[in-house]
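# Structural features, examined
Letter by letter, the chains look like this.
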Amino acid sequence: MAKFPLDDERCKQWVKLVGKEDLAHVPIEKLHTLKFICGKHFKSKDFKRKKTQLKRTAIPSVDLRLPQLSDDVLIEFPLHIAKENIPLKSHFNSSTNITLEHNYCKLYAVDFTYNKDERSDVISSLYREVAISTGNMEVFNKFYSSVSNTVSQLSGVLPGNPVTREFEATQFIASAGPGLLWKVYKGYKKSTKQEASIFVFEKKHLERWTKADRDVMIDILRRGVVQLTKLRHPQILTVQHSLEESRESLAFATEPVFASLANILGNTENMSQPIPNNLVNYKLYEVEIKYGLMQIAEGLAFLHNDVKLLHHNICPESIIVNQQGAWKIFGFDFCIANQSSPGAAPFWPFTEYCQAVHPLTQPALDYLAPEYILSATHSPASDIYSLGMMIYALHSTGHQTLGNVGNDYTKFKRFVNEIRNLSQSRFLCVTEGLREYVKLMLNTTPELRPDPHQFLKIPYFEDVGVKTLNYLDSLFQWDNLQKSQFYKGLPQVIQKMPHRICIYRILPCLTKEFVNPPMVPFVLPNVLLIAENSTKEEYVKYILPVLKPVMLIQDPIQILLIFMQKMELLLKLTPGEEIKTDILPMLYRALESDAQQIQELCLSVLPTFASLIDYPAMKNALLPRIKKLCLGTNYISVRVNCLLCLGKLLEHLDKWLVLDEIIPFLPQIPSREPAVLMGILGIYKLALSHNKLGITKEVMATKVLPFLIPLCVENGLTLNQFNALITLVKQMISKVEAEHRAKLEQLNSIQNESKVMEQALTSTSDNLIPAPTPQTDIDKMFSGLGLDTFAFNNSKQPEKPQPVIPSVGVTTGSLSIEEKQRLATQQDTVRKFSRQPPPAAAIPAPQMKPPKPVDLTSSLLQTNLNQLTQKPFSTMTNPQPSLTHNNLAMNQSSPNYSSTSLMLNSTPLNLGYSHNPTGFNSQPALPASTGWAAPTNANFNNKWANDQNNQTSMKQDWSAFESLLPTQNQNNNNSNSVKKEDSSEMMDLLS
């Protein structure tokens, strides 16, 4: 891709030829920074000789599909001209004249053209010029720093090696091989994203060598990788992509590796600084050394016995530790193949050590067997000697060899002569169980050294950890029964193993079994045991990804059971999002399973992470499953656990969800076992006492108490259970009583206030009420229950209320003008209704003959009056009880009283008058047997007494009430009487 040039005329010409009008309105600086033209639009003559740069006169002219822009469009171009380019450093010659329009400003293109010493200067100049042109140096500094680090690390990978087409290198992690010349990068395969390691040898490292040594070294490295690619064995490094060579590098890809053994022991030559964090203070555990040596011995046995090949350079630089911690043989650069014919004794040709060539082109002298000098021979025992020396270096201080000769051949020869007489104290640094065998392996006589098979059988390797790791590597050879027996005993070993070995060595072997569902119940406990000792970061990175597919497995059912048993651990280590997406659906499946134990475990762990469950999932997914399980299960323990789970979930629910979903559900539970009842009781108590929840009195009165009260007589309850139940019932009843009493008191106070206001606006002076009848015991029993309006003496009252003329009384002074007008209107309305003629059935027509009951009443009243006149008042010791306005009404059968409601004054009356024995102006008094009392302040006219003898001449007979009307003198002398009514008002009142 070519950038638009910053030159005014050239850029204008490019825009014109491209034909996109929108580019004509973009400032030239932005065109240069953001817009590109593909190199395919340029002719071959526009490029310089190396085909990586455009000439100054290059213009796009190939396959341009849009017509050229007119000059009118470009009349104002450019809108903004950037500053003049700053020339680059003088060390660039004419053939490498750099301008920002060219495509080699890409890092990979720069690597094609310049060596490492020039790359940083080129990149720095390019990006600095971009920063200056855009005026953003801060961005440049940050970007340049990151790019420089990337280039320095990946400079050996990027130079066009074919391996980089299929593999992507991400991080420089290690070095290996002779002189640690191979750089090891962490990476992955682009097509499958499978992890891999990329080994790269940069030929520039040999620039200071002579051409002959350089060619020899490259041939040695090339031959070693080719030989490694041919070999396939668990203890030999696996090659994923064969050797590829470019002009500047050799590269191949292998299985993921951690580092070389030399790096682990502290030799970090040819590695970037600072060294990777995973190698800082890295320490090999004894079990790792034991099993690593066993693996190397097995690899040597394969090479010597099966391949008939001598490695000839066993040393820490030639041992690779892969990502799982396994030790693999590498570095076949100096291997010697068998030259004998099939069936004949093996023969490995010998080449003497040459001091004239570079030391790295020959095996390391520190690990070279003494027979190399003593007898000019070598054999498989030579590799055993090298292995013994490597064991010594592993245990020695500073990881030095016995001779520590380096590349000094003379010193090596001197050490060979001394090795025969080495004292036992020189081997004290080696582990006691291995010390004697290491001394034997370093014996100068090759025949006395143990072969690989003999070495593998020494007691040093009789270790539980070593056997466990060895068994894990060979699991594919065993059937399920043998595997299950091994996995059952594995937890005891895991607890004794170092955690790093469990994570990187044991865990990968275990996770391979997850593809075999019948074995998952045996493997899963071991994986979760490793998770217990892991940090949250380790769990998320190494364990959780392999557990997610297992959470979806429903058969065998033991998998769910194991997860339920370890749910607390999973919830502690699993991030919240994964809990919602992976663990919660697994719990839903557990609730729907048929296994009682799984259901109970699931119910017990659900409340522990209820806060992570959102409201819709709680309402629509979790609660319906729990309710369904509680109603449908046949196990009391499951039902009780459902209730306990609901009780623990209450604090995470809102009030209305509890009232709508939980409270109505409890009476539907079919069983009445004490444990179930106590679970229901617990939910009621929690809901009742919780500050956020609570149960309304309507729900308690209509749903809860009708359900709980019958439970109080269950015979299966213990005394404590009964006490708890009856206490809750009493508590609910008390709460209902208190709340409803308060409500009724409030309503009653409102009604009383209304009545008081109505009474204040209604005069009672014109009303007559009947005397109360004596109450029987039964009447007293029903008194105060609100049944007075339905009593027999009131049943004859007309259902329609009697019209009452509102009277303002003495309150008129405090009424407003509006209220006075309203009262006057009410009086007129009542008066109009009262003047209407009564119904025909109730009031006889005026022309009809008075009925007989009128004569009977008159006779009865006359007889009573006569008895009163004959009996002196002095004999009356008990006054007639007072009559209130709301006790007794006048009899409905009295004539001309159907349209009015005459009530007696509520003031108590005293019928025994010592100063006036005759009473009421010598008028006879009404006997007590009639049930009538004479009002003290009645406002009746005396014409009733004058007209008593003329009763027969009136249309209606009023003689029965004659004695009730006071005389004129009494009316005038009564100082407390109400204002005298005129005749028309009296007639209106009695009509």
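What you are looking at is a predicted structure, and each value in this text was computed from that prediction instead of being measured. (Residues numbered from 1 in each chain as written. Predicted model: local features only at pLDDT ≥ 70, side-chain atom pairs only at ≥ 80, totals over all residues. Heavy atoms only, no water.)

### Focus: the pairing of strand E5 (residues 195-202)
Our working definition: Relative accessibility thresholds used throughout: buried, under 20% of the residue-type maximum; exposed, over 50%; partly exposed, between the two (1.4 Å probe, protein chains only). In DSSP terms, a helix is any run of H or I states spanning at least four residues, a strand is any run of E spanning at least two, and both are numbered starting from the N terminus. For two strands to be treated as a pair, DSSP must find no fewer than two bridges joining them.
With 7 of 8 residues buried, E5 is to be regarded as a mostly interior element. Across 6 bridges, strand E4 (residues 182-189) lies against E5 in antiparallel orientation. Bridging from a neighbouring strand, Gly187 pairs with Ala196 of E5. With 6 bridges joining them, E5 and strand E7 (residues 249-254) adopt antiparallel strand pairing. Within E7, the residue paired with Phe201 across the bridge is Leu250.

### Remarks on the pattern of salt bridges
Let me state the cut-off plainly: Whenever Lys or Arg places a side-chain nitrogen within 4 Å of a carboxyl oxygen from Asp or Glu, that contact is recorded as a salt bridge.
Counted under the stated rule, the structure contains 21 salt bridges. A salt bridge links Lys467 to Glu462; the nearest nitrogen and oxygen atoms lie 3.0 Å apart. Classification of Lys467 by relative accessible area gives partly exposed; the value is 48%. A residue is classified by how much of its surface remains accessible, and Glu462, at 53% relative accessible area, is exposed. One salt-bridge network, in which partners are shared between bridges, spans Lys203, Asp219, Arg222 and Glu245.

### Some thoughts on a nonpolar patch on the surface
Stated formally: Patch membership requires over 30% relative accessible area and the absence of a salt bridge. Like charges are linked within 9 Å, and nonpolar side chains (Val, Leu, Ile, Met, Phe, Trp, Tyr) within 5 Å. We get accessible surface area from the Shrake-Rupley algorithm with a probe of 1.4 Å; when it comes to residues, only the shown protein chains can shield them.
A cluster of nonpolar side chains, namely Leu744, Leu747 and Ile750, defines an oily patch on the protein surface of about 260 Å² accessible area. Structurally, Leu744 is set in helix H29 (residues 719-760). Overall, the relative accessible area of 43% leaves Leu744 in the partly exposed class.

### Focus on the packing of helix H11 (residues 380-395) against helix H13 (residues 432-441)
This is how the line gets drawn: Between N-to-C directions, angles cover 0 to 180 degrees, with each direction set by a line fitted to C-alpha atoms, over the stretch in contact for helices. The scheme is simple: roughly parallel for angles under 35 degrees, roughly antiparallel for over 145, roughly perpendicular for 65 to 115, oblique for anything else. Helix crossings fall into two classes, left-handed where the near helix is turned counterclockwise from the far one by less than a right angle and right-handed where it is turned clockwise. In this description, contact between two residues means that some pair of their heavy atoms is separated by no more than 4.5 Å. Lys, Arg, Asp and Glu make up the charged group, whereas Ala, Val, Leu, Ile, Met, Phe, Trp, Tyr, Cys and Pro make up the nonpolar group; the residues left over, Gly among them, are polar.
Packing of H11 against H13 brings their axes to within 8 Å, and their N-to-C directions diverge by 135°. Between H11 and H13, the interaxial angle falls into the category oblique. Crossing hand, H11 versus H13: left-handed. On H13, the residues that touch Ile384, Tyr385, Leu387, Gly388, Ile391 and His395 of H11 are Leu434, Val438 and Met441. A class-by-class count of the residues in the contact of H11 with H13 yields 7 nonpolar, 2 polar and no charged.

### Examining unusual backbone geometry
Note the cis peptide between Asp555 and Pro556, where omega equals 5°. Mapped onto the fold, Pro556 is located in the loop between helix H19 (536-551) and helix H20 (558-565). The phi torsion at Leu180 lies on the positive side, around 55°, for a residue other than glycine. Assignment of secondary structure puts Leu180 in the loop between strand E3 (167-176) and E4. Phi angles above zero are rare outside glycine, and Ala376 is one such case at about 55°. Considering the arrangement of structural elements, one finds Ala376 in the loop between helix H10 (371-374) and H11. With a relative accessible area of 33%, Ala376 lands in the partly exposed category.

### Re the packing of aromatic side chains
Aromatic ring pairs are reported here in terms of the distance separating the ring centres and the angle at which the planes meet. Our working definition: When the centres of two rings from Phe, Tyr and Trp lie within 6.5 Å, Trp using its six-membered ring, the rings pair. Their planes under 30 degrees apart give stacked, over 60 give edge-to-face, and anything left gives tilted. For a Lys NZ or an Arg CZ to count as sitting over a ring, it must be within 6 Å of the ring centre and within 35 degrees of the ring normal.
The full count for this structure, using the stated rule, is 19 aromatic pairs. Aromatic side chains Phe455 and Phe461 sit 5.2 Å apart centroid to centroid with 80° between the ring planes, which places their arrangement in the edge-to-face category. The exposure class of Phe455 is buried, given its relative accessible area of 1%. A network of ring pairs unites the aromatic residues Trp182, Phe199, Phe201, Phe252 and Phe330 as a single cluster. When the ring centre of Tyr588 is taken as reference, the NZ or CZ atom of Arg625 above it lies at 4.6 Å.

### Remarks on the sheet that holds strand E8 (residues 257-260)
Across the sheet, which stays open at both edges, the 3 strands sit in the order E8-E10-E11 with antiparallel pairing between neighbours. Each having just a single partner strand, E8 and strand E11 (327-329) make up the two edges of the open sheet. Going across the sheet, the axis of each strand differs from the next one's by a mean of 35°, ignoring polarity. Packed onto the sheet, helix H9 (residues 286-307) meets strand E10 (319-322) and E11 and runs at close to 25° relative to E11.

### Comments concerning the pairing of E3
Among the 10 residues in E3, 7 count as buried, and that is most of the element. Bridging between E3 and E4 involves 8 bridges; their strand directions are antiparallel. Of the residues in E4, the one forming a bridge with Gln171 is Lys186.

### Describing the packing of helix H16 (residues 480-494) against helix H18 (residues 520-532)
A packed helix pair is summarised by two numbers, namely the angle formed by the two axes and the spacing between the axes. H18 packs onto H16 with a crossing angle of 15° between their chain directions and a minimal axis gap of 8 Å. When the axis of H16 is compared with that of H18, the two are roughly parallel. In the crossing of H16 with H18, the sense of the turn from one axis to the other is left-handed. Here Ser484, Tyr487, Lys488, Leu490, Pro491 and Ile494 of H16 lie close against H18, whose contacting residues are Phe522, Val523, Asn526, Leu529 and Ile530. Its residues assigned to classes, the contact of H16 with H18 comprises 8 nonpolar, 2 polar and 1 charged.

### Some thoughts on the nonpolar core
Selection rule: Buried residues of nine kinds, namely Ala, Val, Leu, Ile, Met, Phe, Trp, Tyr and Cys, make up a nonpolar core once their side-chain atoms join them within 4.5 Å.
Counting residues in hydrophobic clusters, the biggest one holds 209 residues, and the most contacted among them are Leu547 and Tyr684. The element contributing the most residues to this core is H9, with 10 residues. With residues near it in sequence (within four places) discarded, Leu547 still touches Phe514, Leu524, Val527, Leu528, Tyr539, Phe563 and Leu570. Judged by nonpolar contacts, the second largest core, of 18 residues, contains Ala2, Phe47, Leu54 and Ala58.

### Things to note about the sheet that holds E4
Sheet architecture is open: 5 strands sit in the order E3-E4-E5-E7-E6, paired in antiparallel fashion. Each end of this open sheet is capped by a strand with a single partner; those strands are E3 and strand E6 (239-245). When the angles between neighbouring strand axes are averaged without regard to direction, this sheet yields 25°.

### Here we look at the confidence of the model for the protein
Do not read the predicted coordinates in detail wherever pLDDT is low. Short version of the rule: The quantity called pLDDT is the predictor's confidence in a given residue, expressed from 0 to 100.
Of all residues in the protein, 71% have pLDDT values of 70 or greater, and the mean over the chain is 75. Per-element averaging of pLDDT across the protein places helix H3 (residues 107-113) at the bottom with 34 and E11 at the top with 95. Residue range residues 794-813 is modelled with pLDDT below 50. Its contacts to residues more than four positions away, or to other chains, number 29 contacts. Confidence over residues 871-983 falls short of pLDDT 50; this stretch has 173 contacts with residues more than four positions distant or in other chains.

### With respect to the environment of Ala369
As for its placement among the helices and strands, Ala369 is situated in the loop between strand E12 (336-337) and H10. Residue class for Ala369 comes out buried when judged on its relative accessible area of 4%. Separated by 74 residues in sequence, Ala369 and Asn443 have C-alpha atoms that sit 9.4 Å apart. The contacts of Ala369, once residues within four sequence positions are left out, are Ser382, Tyr385, Phe412 and Arg449.

### Some remarks on the environment of Thr33
Topologically, Thr33 is positioned in helix H2 (residues 28-34). Among the residues examined, Thr33 registers a relative accessible area of 27% and is labelled partly exposed. The spatial distance from the C-alpha of Thr33 to the C-alpha of Phe4 is 7.9 Å, given a sequence separation of 29 residues.

### Some remarks on helix H27 (residues 674-689)
Rules: To estimate the expected span of a helix, subtract one from its residue number and multiply by 1.5 Å.
With 16 residues, H27 ought to run about 22 Å at 1.5 Å a step, and its terminal C-alpha atoms sit 22 Å apart, in line with that. The set of residues buried in H27 consists of Val676, Leu677, Gly679, Ile680, Leu681, Ile683, Tyr684, Ala687 and Leu688. Its buried side turned inward, H27 meets helix H25 (636-649), helix H26 (655-662), helix H28 (697-711) and H29.

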